[in-house]
2 protein chains.
Amino acid sequence: MKKLGVLLSGRGSNFEAIARNIADGKLKAEIAVVISNRPEAPGLETARRLGLHAVALPSKGLPREEFDSQVASILDQHNVDLVVLAGYMRLLSGAFVKHFAMRIVNIHPSLLPAFPGLDAQHQAFEYGVKIAGCTAHFVDEHLDSGPIILQAAVAVEEADTAETLSARILKKEHRIYTDAIRLVLSGEWRIEGRRVVSSRMPLR
Amino acid sequence: MKKLGVLLSGRGSNFEAIARNIADGKLKAEIAVVISNRPEAPGLETARRLGLHAVALPSKGLPREEFDSQVASILDQHNVDLVVLAGYMRLLSGAFVKHFAMRIVNIHPSLLPAFPGLDAQHQAFEYGVKIAGCTAHFVDEHLDSGPIILQAAVAVEEADTAETLSARILKKEHRIYTDAIRLVLSGEWRIEGRRVVSSRMPLR
């Protein structure tokens, strides 16, 4: 069974969705450990309630490299195959990204490369897009910039507010993040340039 | 009957689609004049074949303001209600945009604000997006930046090349551009911030 290591900083609703999908047999994997850089993150409480290893590792005051190295140790102790970010509010150091090269995934509430960074749904709504969405992607050391695994579109409706739109995007996030993790764990993909391509496709 | 003025620089496949939709009764409007800044543009030939006023107005060597002022005169002579860009490879001067404020529309082959500029479909394909698309928008003096009227999403398929993807996007362009023109001509919209909102929606 492939092992996931979840990093979060808050509620971790995508973590909850993944845990639920595992429980429902929709994703064959186990969550080996859940780590939060914020001890007060509600996601840690959820992890404990689900009987998972939950580790609070305060990042405050630590240099990035030092903190990331501690996180990497814990992930390695648990033999994690894939690092799953779920509302993890930190950029990762180059060393961390290198250590887990193409084994770190994230979900972002916009159709990247549009609207990277915080509050992507509000950014998109205020910009006036008619198609919003979300993106599951590999993580590199830059903000929301790694190769895209899956995306889903969400149409902006006339009566939408930023909040109703965000809620519909979140539902899609819960769905495609699990699909993306399943695809990555299957190993049936390769990278061409920065495109994630099914390994069933012939080389061009 | 509302009058359209089409500006193009090449084949103008979106112009052809609009002309076809008008002929089929799907869009109640008439094309009052077609202007190309390139005398050799195949779109001019198409316009003549359809019995439309076709004007070749070479931009070469002319200062932007001067050229745009000539274009504006021709559009005004034909009492144009809406200026429709169809592969028009020029930025518009501030004076032109002001003269036709919120009466200039364009279609762009990406989900703006992602991938503005040339070769948007190739940019998107090489970036590795899984959801591509197109955008009908109002035009201001900046590149591909005005308020968005309509967008359509196009899923990138495993077997796609940049060319097959472009072809599917183009089909969507032909559909949503006509829909966007119909919406703008109806007058049933307003601008909130930079969002295009149906005027049937109550003010927030």
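**So, the state of the cysteines**
Then, number 1: Taken as a whole, this structure holds zero disulfides over all chains when the rule is applied.
Then, number 2: Of the cysteine sulfurs around cysteine 134 of chain A, a residue in no disulfide, the closest is that of cysteine 134 of chain B, at 20 Å.

**Here's the deal with the interface of chain A and chain B**
Then, number 1: Across the contact, 31 residues belong to chain A and 31 residues belong to chain B.
Then, number 2: Among the residues chain A hides against chain B, the three largest losses belong to Tyr127, Lys130 and Arg195 of chain A. Together they make up 26% of the total.
Then, number 3: The residue glutamate 158 of chain A makes a salt bridge to arginine 200 of chain B at a minimum N-O spacing of 3.3 Å.
Then, number 4: Linking chain A with chain B are 10 residue pairs in polar contact (both at pLDDT 80 or more).
Then, number 5: For the side of chain A that touches chain B, the secondary-structure elements that each account for two or more residues are α5 (120–127), β7 (148–155) and β9 (195–198) of chain A.
Then, number 6: The element contributing the most residues to the side of chain A that touches chain B is β7 of chain A, with six residues.

**Re the pairing of strand β5 (residues 104–108) of chain B**
All names here are of chain B.
Then, number 1: Among the five residues in β5, five count as buried, and that is most of the element.
Then, number 2: Burial along β5 is two-sided: Ile104, Asn106 and His108 and Val105 and Ile107, pointing in opposite directions, are all buried.
Then, number 3: Read as a crossover between parallel neighbours, the route from strand β4 (residues 82–85) over helix α4 (residues 94–99) to β5 is right-handed.
Then, number 4: Bridge analysis of β5 against strand β6 (residues 131–138) gives four bridges, and the strand direction is antiparallel. Directly across from asparagine 106, in β6, lies its bridge partner histidine 137.

**What to know about the pairing of strand β8 (residues 189–192) of chain B**
Residue and element names in this part refer to chain B.
Then, number 1: Judged from the four bridges that link them, β8 and strand β9 (residues 195–198) form a sheet pairing that is antiparallel. Its bridge partner being in β9, tryptophan 189 is matched across the sheet by serine 198.
Then, number 2: If you look at the hairpin formed by β8 and β9, you'll find two residues sitting between the two strands, and glycine 193 has a positive phi there, around 65 degrees.

**Some points on the environment of glutamine 70 of chain B**
Residues and elements named next belong to chain B.
Then, number 1: Structurally, glutamine 70 is set in helix α3 (residues 64–77).
Then, number 2: We classify glutamine 70 as partly exposed; its relative accessible area is 28%.
Then, number 3: For the pair glutamine 70 and alanine 159, spaced 89 residues apart in sequence, the C-alpha separation works out to 46 Å.
Then, number 4: Not counting chain neighbours up to four residues away, the residues in contact with glutamine 70 comprise Leu57 and Leu62.

**Points about the relation of the copies chain A and chain B**
These two copies of the chain differ by a rotation about an axis and a displacement along the same axis.
Then, number 1: Placing chain A over chain B gives an RMSD of 0.0 Å and needs a rotation angle of 180 degrees, together with 0.0 Å of translation along the axis. Such a combination of rotation and displacement between the chain copies is what one expects of a two-fold axis. Among all C-alpha atoms of chain A, that of alanine 114 of chain A lies closest to the rotation axis, at 2.5 Å.

**A short note on the domain arrangement of chain A**
Residue and element names in this part refer to chain A.
Then, number 1: Each domain of chain A was delimited in the assignment, giving domain 1 (1–101) and domain 2 (106–204).
Then, number 2: The gap between the C-alpha centroids of domain 1 and domain 2 is 20 Å.
Then, number 3: Tallying the contact residues gives 20 residues for domain 1 and 17 residues for domain 2.
Then, number 4: For the pairing of domain 1 and domain 2, the buried interface totals around 1600 Å² over both sides, and the portion due to carbon and sulfur atoms is 67%.

**Notes on the pattern of salt bridges**
Then, number 1: Overall, the coordinates contain 16 salt bridges over all chains when judged by the stated rule.
Then, number 2: Across the salt bridge formed by arginine 48 of chain A and glutamate 45 of chain A, the nearest N and O atoms sit 3.3 Å from each other. Residue arginine 48 of chain A and its partner glutamate 45 of chain A are both found in helix α2 (residues 42–49); the two are separated by three residues, about one turn of the helix.
Then, number 3: You can call arginine 48 of chain A partly exposed: its relative accessible area is 42%.
Then, number 4: Where arginine 168 of chain B meets aspartate 160 of chain B, a salt bridge forms, and the shortest distance between an N and an O atom there is 2.8 Å.
Then, number 5: Three or more residues joined by partner-sharing salt bridges are found here, namely Glu157, Asp160 and Arg168 of chain A.

Cut-offs used in this document
Residues numbered from 1 in each chain as written. Chains lettered and ligands numbered in written order. Predicted model: local features only at pLDDT ≥ 70, side-chain atom pairs only at ≥ 80, totals over all residues. Heavy atoms only, no water. Disulfide = S-S within 2.5 Å. Contact = heavy atoms within 4.5 Å. Buried area = accessible area lost by both parts, 1.4 Å probe. Salt bridge = Lys/Arg side-chain N within 4 Å of Asp/Glu carboxyl O. Polar contact = N/O pair within 3.5 Å; in protein donor to acceptor, adjacent residues only side chain to side chain. Helix = DSSP H or I, 4+ residues; strand = E, 2+ residues; numbered from the N terminus. Buried < 20%, exposed > 50% of the residue type's maximum accessible area, 1.4 Å probe, protein only. Right-handed = clockwise from strand over helix to strand, strands pointing away. Pairing = 2+ DSSP bridges. Least-squares fit on C-alpha atoms with pLDDT ≥ 70 in both. Domains from an automatic or database assignment.

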